[in-house]
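# Inside the fold
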Amino acid sequence: MPGKRILILGGTGEARALANRLIDAGHGVVTSLAGVTQAPRLPEGEVRRGGFGGSEGLAAYMRGGGFQILIDATHPFAAQISRHAAAAAQACELPLYRLERPAWMAEEGDRWTGVADIAAAVAALPANARVFLTVGRKEAGAFLARADLAGIMRMIEAPKEELPPRWNLILGRPPFTIASEKELMTANRIGHLVGKNAGGEETRAKLIAARETKIPVVMIARPWKPEAILVESVDAAFRLLSP
Ligand code: NAP
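Note that the structure is predicted; figures quoted are calculated from it, not measured.

With the rule as written, the count across this model stands at two aromatic pairs. Note on F52 and Y61: the rings are 5.3 Å apart at their centroids and 55° apart in plane angle, and the pair reads as tilted. On the accessibility criterion, F52 (16% relative accessible area) is buried. The interplanar angle of 25° and the centroid separation of 5.6 Å between the aromatic rings of Y61 and F67 together place this pair among those described as stacked. Judged by its relative accessible area of 7%, F67 falls in the buried class. Feature note: the residues F52, Y61 and F67 constitute an aromatic cluster, connected by ring pairs. The positively charged end of R48 is found above the aromatic ring belonging to F52, 3.9 Å away from the centroid.

Right, here's the structure in full:
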C-alpha cells in the first residue's frame, strides 16, 4: 500500500529506523518528537516537535494532516503520550499500532530486585549505597533527595538539579560496551545499578557487566499502556505496514 500518510510518535531509535524504512518504501511519514531533547537524532522525512495539547490536540492534528496510520513508537516508559495516542486513534476511528521492544528478562547469575516505579527504586536501595543510576534526567531528583546515596548518574542531558559533590554526572548516549560498563562500575566502586526495563540491545551491556561483576540491579518495571496492535521490532512493523 504505497503512499500512505503515516504519523509516527517517536523519541526512540526504533521510531527513527521505521520512519527511514517507510519513507524508502514510498510512504509519506511525519515523525513527532516531544521536543525535550536539545539535539535529537533525526529520522529522514518530516519532523514536528512539541506536545499536541493532549489527546484531543493529537486527534485534531491527525485529522488536519489526513493521516491514515498512527504508530506509537515512543519509549516504553513514556506512558502519557501512549494513553493520548490510544484515545486519539479511537476518536479518529483508526487502529493504533505500537512498536515496542520486548522487556529484558533476568538471566542466570543476575541479582535483580524488581520494583514498580521510581519511588520504589529509591526505597529499595540500602543505606549509603554507591549507585550507578541510569534513569532519565527528570527522575534524578528522587535519588538526590536521599542524602546517604552517592555514585554516578548517566543520562543524555543534565538534570535541572545541581548535583552535590557525592554524585558524578556522565553525559552519554548508547551504545556502550560491556568492557566500558565494567570499568565504569569498578572505578567508581559501584554497589548497585538502577535502571528502567527499557529493553533492547543499545543499553543491555550494563546488565551483562553487572551480572559478571555480581552487582545487584534495581530494575524498574514498565508502566501500563493501553491496548494496541503490538509489534516488537522494526522489521515486523515494516512487514505489517508495508506488505
Ligand atoms: P510522556 O510523559 O508520556 O508525555 C508527556 C507529554 O509530552 C505528552 O502528553 C505530550 O504532550 C508530549 N509528548 C511525549 N512524546 C511526544 C511525541 N513523541 N510527540 C509529541 N509530543 C510528545 O513522555 P516522556 O516520558 O516525557 O517522554 C518524552 C519523549 O522522550 C517521548 O517521545 C519518548 O519516546 C522519549 N523518551 C522517553 C524516555 C523515558 O524514559 N520516559 C526515554 C527515552 C526517550 P501533549 O499532551 O501536549 O501532546
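Grouped together as the largest cluster of nonpolar side chains are 20 residues, with contacts concentrated most on L125, V131, L133, F143, V194 and I220. Secondary-structure elements contributing two or more residues to this core are helix 4 (118–124), strand 7 (130–134), helix 5 (140–144), strand 8 (150–155) and strand 11 (217–220). If we ignore the near neighbours within four places in the chain, the residues touching I220 are F77, V115, A116, D117, I118, A121, V135, V194, G195, K196 and N197.

What follows covers the site of the ligand. The ligand sits among 21 residues. The nearest are S32, F52, Q80, K138 and K196. Between the ligand and the protein, one listed contact pairs a nitrogen atom with a side-chain N or O atom of S32 at 2.7 Å. In the environment of the ligand, an oxygen atom lies 2.9 Å from a nitrogen or oxygen atom belonging to the backbone of I81. Relative to its unbound accessible area of 820 Å², the ligand is 77% covered by the protein chains. When residues of the shell around the ligand are traced back to their parent elements, those giving at least two are strand 2 (28–33) and helix 3 (79–91). Broken down by element, the shell around the ligand gets its largest block of residues, four residues, from helix 3. Classifying every residue of the shell around the ligand gives seven nonpolar, eleven polar and three charged.

Our next topic: the packing of helix 1 (residues 13–24) against helix 8 (residues 234–241). Put simply, helix 1 and helix 8 touch, their axes get as near as 10 Å, and they point 35° apart. Judged by the sense of rotation from one axis to the other, the crossing of helix 1 with helix 8 is right-handed. Mapping the contact onto sequence places E14, A17, L18, R21 and L22 in helix 1 and V234, D235, A237, F238 and L241 in helix 8. A class-by-class count of the residues in the contact of helix 1 with helix 8 yields seven nonpolar, no polar and three charged.

Below, the discussion takes up the sheet that holds strand 11. If you walk across this open sheet you meet the six strands as 6-11-10-7-8-9, and the pairing is parallel. Edge positions in the sheet fall to strand 6 (112–115) and strand 9 (167–171), since each has one partner strand and no second. In this sheet, adjacent strand axes meet at a mean angle of 15° when their direction is disregarded. Both strand 6 and strand 11 contribute to a ladder of four bridges, which runs parallel. For G114, the partnering residue across the bridge sits in strand 11 and is M219.

If you trace the backbone, T37 turns up in the loop between strand 2 and strand 3 (46–49). With near-sequence residues (within four places) excluded, T37 lies in contact with I156, E157 and R173.

In spatial order, the strands read 3-2-1-4-5-12; together these six strands make up an open sheet with parallel pairing. With partners counted over all chains shown, the strands left at the sheet margins are strand 3 and strand 12 (229–231), one partner each. Each strand of the sheet is rotated relative to its neighbour by a mean of 25°, with strand direction disregarded. Across three bridges, the pairing between strand 4 (residues 69–72) and strand 5 (residues 96–99) is parallel. Paired with D72 across the bridge in strand 5 is R98. Docked against the sheet, helix 1 engages strand 1 (5–9), strand 2, strand 4 and strand 5, running at close to 165° with respect to strand 1.

For the coordinates displayed, the defined rule picks out 13 salt bridges. Salt-bridge contacts for E107 lead to R211; the nearest nitrogen and oxygen are separated by 3.5 Å. Of this pair, E107 sits in the loop between strand 5 and strand 6 while R211 sits in helix 7 (residues 205–212), placing them 104 residues apart in sequence. Notably, a salt bridge pairs R137 with E157, separated by 3.5 Å at the nearest N-O pair. Highlighted residues: R137 in the loop between strand 7 and helix 5 and E157 in the loop between strand 8 and strand 9, separated in sequence by 20 residues. Look at the salt bridges and you will find they share partners, linking E107, D110 and R211 into a network.

Rules used in this analysis
- Residues numbered from 1 in each chain as written.
- Predicted model: local features only at pLDDT ≥ 70, side-chain atom pairs only at ≥ 80, totals over all residues.
- Heavy atoms only, no water.
- Phe/Tyr/Trp six-rings, centres within 6.5 Å; stacked < 30°, edge-to-face > 60°.
- Buried < 20%, exposed > 50% of the residue type's maximum accessible area, 1.4 Å probe, protein only.
- Lys NZ or Arg CZ within 6 Å of the ring centre and 35° of its normal.
- Core = buried A, V, L, I, M, F, W, Y, C linked by side-chain atoms within 4.5 Å.
- Helix = DSSP H or I, 4+ residues; strand = E, 2+ residues; numbered from the N terminus.
- Contact = heavy atoms within 4.5 Å.
- Near = heavy atom within 4 Å.
- Polar contact = N/O pair within 3.5 Å; in protein donor to acceptor, adjacent residues only side chain to side chain.
- Areas by Shrake-Rupley, 256 points an atom, 1.4 Å probe, with all protein chains shown as cover.
- Nonpolar A, V, L, I, M, F, W, Y, C, P; charged D, E, K, R; others polar.
- Axes fitted to C-alpha atoms, helices over the stretch in contact; angles between N-to-C directions.
- Left-handed = near helix turned anticlockwise from the far one by under 90°.
- Pairing = 2+ DSSP bridges.
- Salt bridge = Lys/Arg side-chain N within 4 Å of Asp/Glu carboxyl O.

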